[in-house]
Amino acid sequence: MATLKFLSFLILQLFVVAKYCEGVEVGYYKKTCPNVEAIVKETTAHYISRAPTLAAPLLRMHFHDCFVRGCDGSVLLNSTKGKQAEKDAIPNQSLRGFQVIDAAKSALEKECPGTVSCSDILALVARDAVSLINGPTWPVPLGRRDGRVSILSEASKNLPTPFDNFTTLKTTFGFLGLNVKDLVVLSGGHTIGMSHCFSFSSRMYNFTGKGDMDPNMDINYINRLKIKCKPNDVTTIVEMDPGSFKSFDTDYYTMVAKRRGLFASDAALLSNSQTKDYVLSQLKPHASTFFKDFGESMMKMGKIGVLTGKAGEIRKHCAFRN
Ligand code: HEM
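Every chain's residues receive numbers from 1 upward, in the order its sequence appears when written. Confidence filtering applies because this is a predicted model: local features only for residues at pLDDT of at least 70, side-chain atom pairs given and counted only at 80 or more, and all residues used for totals across whole chains, interfaces and linings.

### Overview of the overall build of the protein
The criterion, for reference: What counts as a helix is a DSSP run of H or I of at least four residues, what counts as a strand is a run of E of at least two, and both are numbered from the N terminus. Radius of gyration means the value over C-alpha atoms here, while the globule rule gives 2.2 Å times the residue count to the 0.38 power. Partly exposed residues are those whose C-beta has more than 12 but fewer than 20 other C-beta atoms within 10 Å; 20 or more makes a residue buried and 12 or fewer makes it exposed, with C-beta atoms placed from the backbone. Contacts here follow a simple rule: the backbone-placed C-beta atoms of the two residues must lie within 7 Å.
Looking only at helices and strands, one finds 14 helices and two strands in the protein. Relative to its length of 322 residues, the protein is compact, with a C-alpha radius of gyration of 21 Å against a globular reference of 20 Å. Considering only C-alpha atoms, the protein reaches an extent of 80 × 45 × 35 Å along its principal axes. Within the protein, buried positions represent 39% of all 322 residues. Considering only intrachain contacts with a sequence separation of at least 6, the fraction spanning at least 24 residues in the protein is 78%.

Okay, here's the thing in C-alpha cells:
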C-alpha cells in the first residue's frame, strides 16, 4: 500500500514537473509538425543560394532576439500604434533577411497552421544559414513561444556595443547565463558579414576625444581602413573578415590575434587571459575546436529566457502579435 502511495505521489510530481518546467527540446514538433526542420531548411537554402550574404544578418538577428527579453521573436515585431519596437533600435536597423523568416512561416502555416513559433523559426533559420555557408551545424531544441512585447529602449540598453570593454561584455553575457568562453566563441560569428564604418571609426579618428587612434589596433590595418571609411561616414560598409566574409571559418581569430579585430569589443578579447588563450588556440585550423564550440554556445544562447507552456503565443504572422 505504502509503495502504491509513493508511486502515485511520484507520478503526480512528474506531471507537475512536466507541466510547469517545460523547456525546449529537440523534436518538439515531431507529432504536430514533423516536417518543420525540412521546410525551414528548404526555405533558407532557397534564399541563401541566391544571396549568401544573408547568412550573416540572419545569424545576428537570432543573437539580437535572444539578448533582449530572451529568444521570443520580439526582434521580428513591427512597431504598432506609433510605439517603436526593438526592430527600430539603431543596432537593429542594419538587420536584413526578415523575408526569409516570413517565407518559412507562411510555408509552415500551410503545412501545420498555428503550430510553429516565429522564435523557433528564427533559431532554425540561423542554424541553417550558417551551415549552408559551410559553417557548423548543431541541434536546435524547439518549443519556444512568441512574446507579445517589443520595446525599442530595451534593445538599445541590452545589446552589447562595439565600444564595450572586456568587463562590460563579461557582465552583459554573464547576466544572460553565458560565460567568458561563450563570449569568445560567439564573437567568432564575426567571421562573416559586414559592418558600417561608424561602428569602429572612433578607433581610427577620435579614440579618446583628442583626434587619436586606438593603440590596440594595427596601424597598417587602420591606414587601409581609412581609405574606405572617411570621418563621419554613415553609409559605407566594410567586410569584417576581409577576403573571407562570406565563409564561416576560423579567420576571425587570426584577425583578432593580429590586432585587426574591427571593433573595440573584438580587440577586448586580447585583454583577458582566458579569452586571449582561446583566440590563440584557434590559429591552427586543423587543431581548432571553434565549430564544435560554436554549436554548443549557440544552443546555450538559444535557451535564454524562452517562453514555454502557456506563456506568450504562436504568432500567425511573425511581424505582428495575434
Ligand atoms: C560580443 C558582443 C558583440 C558586439 C559588440 C557586436 C557588434 C556588432 C556590430 C557593431 C556589427 C556591425 C553592425 C553594422 O555596423 O552594420 C556586428 C555585425 C555582426 N555581428 Fe556582432 N556583435 C557581438 C556579438 C555577436 C554575436 C554573439 C554574433 C552571433 C553569434 C554576432 C554576429 C554578427 C554578424 C554575423 C554580423 C554581420 C552582420 C551583417 O553582415 O549584416 N555578433 N556586430
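### A few points about the environment of Asp-120
With respect to the element layout, Asp-120 can be found in helix α5 (residues 118-132). For Asp-120, a count of 30 C-beta atoms within 10 Å corresponds to the buried category. Once residues lying within four places of it in the same chain are set aside, the contact partners of Asp-120 are Leu-142 and Arg-144.

### Section: the packing of helix α4 (residues 98-111) against α5
The cut-off we apply is this: Note on method: axes are straight lines fitted to C-alpha atoms, helices fitted across the in-contact stretch only, with angles between N-to-C directions ranging 0 to 180 degrees. Here is the rule for angles: anything less than 35 degrees is roughly parallel, anything more than 145 is roughly antiparallel, 65 through 115 is roughly perpendicular, and the remaining ranges are oblique. Two helices crossing with the near one rotated counterclockwise from the far one by less than a right angle form a left-handed crossing, whereas a clockwise rotation gives a right-handed crossing.
Interaxial distance between α4 and α5 falls to 10 Å at its minimum, and their mutual angle equals 120°. For the element pair α4 / α5, the angle class is oblique. With respect to the hand of their crossing, α4 and α5 are arranged in right-handed fashion. Counting all contacts with α4, which are made through Val-100, Ile-101, Ala-104 and Lys-105, the residues of α5 involved are Cys-118, Ile-121, Leu-122 and Val-125.

### A closer look at the UniProt feature "domain: Plant heme peroxidase family profile" (unreviewed entry) in the protein
Stated precisely, the cut-off is as follows: UniProt positions are given in the numbering used here, feature names are shortened, and annotations may be inferred rather than shown by experiment.
Per the UniProt record, "domain: Plant heme peroxidase family profile" (unreviewed entry) is annotated on residues 23-322. With 42% helix and 2% strand, the stretch residues 23-322 has end C-alpha atoms that lie 23 Å from each other.

### Some words on the environment of Phe-163
You can see Phe-163 is positioned in the loop between α6 (152-158) and α7 (166-175). In the structure, Phe-163 is positioned 100 residues away from Phe-263 in sequence and 6.7 Å away in space, judged by C-alpha atoms.

### Focus on the site of the ligand
Short version of the rule: Residue proximity rests on one test: whether the C-beta atom, placed from the backbone, lies within 6 Å of the molecule or strand. Any residue that is not Ala, Val, Leu, Ile, Met, Phe, Trp, Tyr, Cys, Pro, Asp, Glu, Lys or Arg is counted as polar, Gly included; the first ten are nonpolar and the last four charged.
Around the ligand, a shell composed of 23 residues is seen, among which Ala-56, Leu-186, Gly-189, Gly-193 and His-196 lie nearest. Of all elements in the fold, only α3 (55-66) and β1 (194-196) reach the threshold of two or more residues within the shell around the ligand. Looking at which element gives the most residues to the shell around the ligand, the answer is α3, with five residues. Partitioned by chemical class, the residues of the shell around the ligand number 11 nonpolar, 10 polar and two charged.

### Details of the UniProt feature "binding site: Ca(2+) 1" (unreviewed entry) in the protein
Taken from the UniProt record, the annotation "binding site: Ca(2+) 1" (unreviewed entry) applies to Asp-65, Val-68, Gly-70, Asp-72, Ser-74 and Glu-86. Across 22 residues, the annotated set stays spatially compact, with a maximum C-alpha separation of 12.4 Å. Relative to the assigned elements, Val-68 resides in the loop between α3 and α4. Val-68 sits in the buried class, given 27 other C-beta atoms within 10 Å. Apart from the residues within four sequence positions on either side, Val-68 is in contact with Ser-74, Val-75, Glu-86, Glu-154, Ala-155, Asn-158 and Leu-159. Among the structural elements, Ser-74 can be located in the loop between α3 and α4. C-beta crowding within 10 Å serves as the criterion here: with 28 such atoms nearby, Ser-74 is assigned to the buried category.

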